[in-house]
Protein chains: 2
Amino acid sequence: MLEVLNKQIVLASRPVGEPTAENFRLVEVPLASPTEGELQLQTLYLSLDPYMRGRMSAAKSYAQPVPIGGVMEGGAVSRVLASRNPSFTVGDIVQGRTGWQTHPISNGSNLERVDPKLAPISTALGVLGMPGMTAYTGLLNIGQPKPGETLVVAAATGPVGSLVGQIGRLKGCRVVGIAGGADKVAYMRDELGFDVALDHRAPDFAAQLAGACPDGIDIYFENVGGHVWEAVFPLLNNFARVPVCGLIAHYNEDGPQPGPDRLPMTMRAVLSKRLTFRGFIVTDFAAQAADFRRDVGAWLKSGAIKYREDVVHGLEKAPEAFIGLLKGRNFGKLVVKVAD
Amino acid sequence: MLEVLNKQIVLASRPVGEPTAENFRLVEVPLASPTEGELQLQTLYLSLDPYMRGRMSAAKSYAQPVPIGGVMEGGAVSRVLASRNPSFTVGDIVQGRTGWQTHPISNGSNLERVDPKLAPISTALGVLGMPGMTAYTGLLNIGQPKPGETLVVAAATGPVGSLVGQIGRLKGCRVVGIAGGADKVAYMRDELGFDVALDHRAPDFAAQLAGACPDGIDIYFENVGGHVWEAVFPLLNNFARVPVCGLIAHYNEDGPQPGPDRLPMTMRAVLSKRLTFRGFIVTDFAAQAADFRRDVGAWLKSGAIKYREDVVHGLEKAPEAFIGLLKGRNFGKLVVKVAD
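Residues numbered from 1 in each chain as written. Chains lettered and ligands numbered in written order. Predicted model: local features only at pLDDT ≥ 70, side-chain atom pairs only at ≥ 80, totals over all residues.

Trainee: Quick rundown of the overall build of chain A? Include the residues and the values.
Mentor: When helices and strands are counted, chain A shows 9 helices and 15 strands. Computed over C-alpha atoms, the radius of gyration of chain A comes to 21 Å, within 12% of the 20 Å expected from 2.2 N^0.38 for 340 residues, which places it in the range of a compact globule. Considered along the principal axes of its C-alpha atoms, chain A spans approximately 65 × 45 × 35 Å. Burial analysis of chain A (340 residues in total) assigns 48% to the buried set. The long-range fraction of contacts in chain A, counting pairs at least 24 apart against all pairs at least 6 apart in sequence, stands at 65%. (Helix = DSSP H or I, 4+ residues; strand = E, 2+ residues; numbered from the N terminus. Rg over C-alpha atoms; globule rule 2.2 N^0.38 Å. Buried ≥ 20, exposed ≤ 12 C-beta atoms within 10 Å, placed from the backbone. Contact = placed C-beta atoms within 7 Å.)

Trainee: Any chance you could break down the sheet that holds strand E10 (residues 196-199) of chain B for me, citing the residues and the numbers?
Mentor: Strand order in this open sheet of 12 strands is E10(A)-E9(A)-E8(A)-E11(A)-E12(A)-E13(A)-E13(B)-E12(B)-E11(B)-E8(B)-E9(B)-E10(B), and the pairing throughout is mixed. Whereas interior strands pair on both sides, the edge strands pair on one side only; in this sheet they are strand E10 (196-199) of chain A together with E10 of chain B. Each strand of the sheet is rotated relative to its neighbour by a mean of 15 degrees, with strand direction disregarded. The pairing of strand E8 (residues 150-153) of chain A with strand E9 (residues 174-179) of chain A spans 4 bridges and is classified as parallel. Bridging across to E9 of chain A, Leu151 of chain A finds its partner in Val175 of chain A. Contacts from helix H4 (residues 182-190) of chain B reach strand E9 (174-179) and E10 of chain B, with the element oriented near 170 degrees to E10 of chain B. (Pairing = 2+ DSSP bridges. Axes fitted to C-alpha atoms, helices over the stretch in contact; angles between N-to-C directions.)

Trainee: Mind laying out the interface of chain A and chain B, listing which residues take part and the relevant values?
Mentor: Facing 32 residues of chain A, the contacting portion of chain B comprises 32 residues. When contributions to the side of chain A that touches chain B are tallied by element, the ones reaching two or more residues are helix H7 (263-272) and strand E13 (276-279) of chain A. No other element matches the 8 residues that H7 of chain A contributes to the side of chain A that touches chain B. Here the residues of the side of chain A that touches chain B are counted per class, giving 15 nonpolar, 9 polar and 8 charged. With 3 bridges joining them, E13 of chain A and strand E13 (residues 276-279) of chain B adopt antiparallel strand pairing. Bridge pairing in E13 of chain B places Thr276 of chain A opposite Arg278 of chain B. (Nonpolar A, V, L, I, M, F, W, Y, C, P; charged D, E, K, R; others polar.)

Trainee: Can you tell me about the relation of the copies chain A and chain B, naming the residues and giving the values?
Mentor: Superposing chain A onto chain B takes a rotation of 180 degrees plus a shift of 0.0 Å along the axis, which leaves an RMSD of 0.0 Å. Such a combination of rotation and displacement between the chain copies is what one expects of a two-fold axis. Looking at chain A, 100% of its interface residues are interface residues in chain B too, so the copies touch through the same face. (Least-squares fit on C-alpha atoms with pLDDT ≥ 70 in both.)

Trainee: Describe in detail the environment of Asp115 of chain A, supporting the description with residues and values.
Mentor: All names here are of chain A. By the element assignment, Asp115 lies in the loop between strand E7 (112-113) and helix H2 (130-143). Classification of Asp115 as exposed rests on a count of 10 C-beta atoms within 10 Å. In this structure the C-alpha to C-alpha distance between Asp115 and Leu26, which are 89 residues apart in sequence, comes to 31 Å.

Trainee: Account for the domain arrangement of chain A, with residues named and values stated.
Mentor: Residue and element names in this part refer to chain A. Structurally, chain A comprises domain 1 (5-122 + 308-337) and domain 2 (130-284). Contact with domain 1, which involves 15 residues of that partner, is made by 13 residues of domain 2. Tallied by class, the residues present in the side of domain 1 that touches domain 2 amount to 5 nonpolar, 5 polar and 5 charged. (Domains from an automatic or database assignment.)

Trainee: Which residues make up unusual backbone geometry, and what are the values?
Mentor: All names here are of chain A. Of the consecutive residues Gly259 and Pro260, the connecting peptide bond is found in the cis state with omega at 5 degrees. Tracing the backbone through its elements, the reader meets Pro260 in the loop between strand E12 (236-244) and H7. Phi angles above zero are rare outside glycine, and Gln144 is one such case at about 45 degrees. Mapped onto the secondary structure, Gln144 falls in the loop between H2 and E8.

Trainee: Go over the packing of helix H2 (residues 130-143) of chain B against helix H8 (residues 289-302) of chain B with me, naming the residues and quoting the values.
Mentor: Residues and elements named next belong to chain B. Orientation of H2 relative to H8, taken along the N-to-C sense of each, is 100 degrees, at an axis distance of 10 Å. The angle between H2 and H8 falls in the class roughly perpendicular. Residues Gly132, Met133, Tyr136 and Thr137 of H2 touch H8, and the partners they reach there are Ala289, Phe292, Asp295 and Val296. Each residue belonging to the contact of H2 with H8 can be placed in one class, and the counts come to 5 nonpolar, 2 polar and 1 charged. (Parallel < 35°, antiparallel > 145°, perpendicular 65-115°, else oblique.)

Trainee: Quick rundown of the environment of Val71 of chain B? Include the residues and the values.
Mentor: Residue and element names in this part refer to chain B. Within the fold, Val71 resides in the loop between helix H1 (52-55) and strand E4 (76-83). Judged by the 19 C-beta atoms lying within 10 Å of it, Val71 falls in the partly exposed class. Val71 sits 43 residues away from Val114 along the chain, and the two C-alpha atoms are 24 Å apart. Excluding residues that lie within four positions of it along the chain, Val71 makes contacts with Gln8, Val10, Gly99, Trp100 and Gln101.

Trainee: So what's going on with the pairing of strand E3 (residues 39-47) of chain A? Which residues, and what values?
Mentor: Residue and element names in this part refer to chain A. In terms of burial, E3 is largely enclosed, as 8 of its 9 residues are buried. Relative to strand E6 (residues 105-106), E3 runs antiparallel, the two sharing 2 bridges. Bridge pairing links Leu39 to Ser106 in E6. With 3 bridges joining them, E3 and strand E15 (residues 333-337) adopt antiparallel strand pairing. Across the sheet, the residue bridging to Tyr45 is Lys337, located in E15.

Trainee: How would you sum up the pairing of E10 of chain B? Please name residues and give values.
Mentor: Residue and element names in this part refer to chain B. The sheet contact formed by E9 and E10 spans 4 bridges and is parallel. Across the sheet, the residue bridging to Ala179 is Asp199, located in E10. Note that the unit made of E9, H4 and E10 has a crossover that is right-handed. (Right-handed = clockwise from strand over helix to strand, strands pointing away.)

Trainee: Tell me about the environment of Gly324 of chain A, and name the residues and values.
Mentor: All names here are of chain A. Turning to its location among the elements, Gly324 is positioned in helix H9 (residues 318-326). For the pair Gly324 and Pro19, spaced 305 residues apart in sequence, the C-alpha separation works out to 9.8 Å. Aside from chain neighbours lying at most four places away, what touches Gly324 is Arg329 and Asn330.

This is the structure we're talking about:
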């Protein structure tokens, strides 16, 4: 009988600027046996998400960095292979933050059961999981969409942005989606039903955005920063709300950025236009998980919202796929299929 | 009989950077006679406030700029000299945005009656007026003070800051007040009862602030920007709220500021610390005027809050006093006593 090994992707070194393949290392370790209360899991799908870039840096953030040599953090959907925990049975499908590895051990404390009859199990990492709840809670609590308002969302074919835009439509907003590339623009327009779909790579993107927002912008759901923010900022209306969910354009920055210093004029606009900038993390709204599941589950079932996955096969592909994610190469929710 | 003339301070030219005496001009015009529905007023107290700097510039803001040659805008308390408006009687004391002039004509539409028995009439321009309501509404709606939290407020001997700090104390916050100069520091400590009083001109101000906030900062009421913000920013706690009320350090800036560009790292902190930045103008909370009058009126009556005025005599002194206000030379609410 072949010995099964636990494959893990560990953080080999901290990136300076963009992560590279050298920052990751694949290791194989013998399977630990679950002790009393523990479970042996087999990872089926691993989620790759932009926030993981933050975990690779030593800088203080809302969560601890991954230590050098530590298993990369991440959410995954797994099957229970062996259980010494009365809450779970062999064969159960579960999700939790079990990391970039094929055979995690868990004490069950942060696992949730996934119902395979409700939807494909990988959606527990996307539209019905953390990214979906990020979109739902950030838009509703901070964006506070009202009928007739203009909502702009970037990274709008990703799992967060695509749901933000679709919920915005359901709430009666005029939705302008932004993504990179003709295929994503077509998807936003033809599949997601956004009012306007723009390619941020177009040389006249800022002018296109201004043309697409004749009444200004009431909500900008910030996923990216960078040149998209530059184009959005002058269009913000009085009382505009900016849920700050992600800043993918800046995750690879180290140290101070070249001037001019835009902070003073930004704060002056916050004052004179009475803008709200508010950062959030999905766990801040953990109390709304039931609302999220009820609403998004119903919308999904009725066909009111759609989702798209970008599936990569094999744990060893995770580093390359993650590096591509930070460059916008994925098209839809990026997941790694680790096992059948 | 001497002819009475209406003295006015008009905007002679738009300032580039700091306003100077040359940007203002004193003119005397014959008194107009009130037509049907109008009132002839005599200005008793003129309010000088930092927001007026914005009105001197042509740049778009939340209000229209004063035109060149136009009477400088501002709130004032006046006596009714003649009335052809059934709502007001000769001798009434009123307040409204009647501008930098001795004898305004008003149609009465934006005037409010001031009760001289309630408090000194000049307080209608300060603690019981626009600055007081700015402090009350901004702190309670956006700052959302909770017992045990640390509240930092700058310009803290001014009419807004001093009330913010005192209301913060009443709500159970630990209050750190910031102002410029030993006399103001003594006043914050000995009269206003703040927990800590700091001089932002001290060479080690940032270190003093850090020492004064061992548990970080939960609310920073932003009146000033500049180097005070620099010292505050790294101390902001997760979920800190920043009501953006004023940015007096930046009002004289024209054009882009030298780098580095602090905006990206500021937005990253908004995200990772889940900060809220929200600008506001007192009129956004006009619906809370009755609450404000009830609460602050009662606190004033009981001695729970104090106020301080800096009174300049004569309309012709208004430009110089205003220029000093932007440099922090006033000590307390700056008003011009225009007539007895």
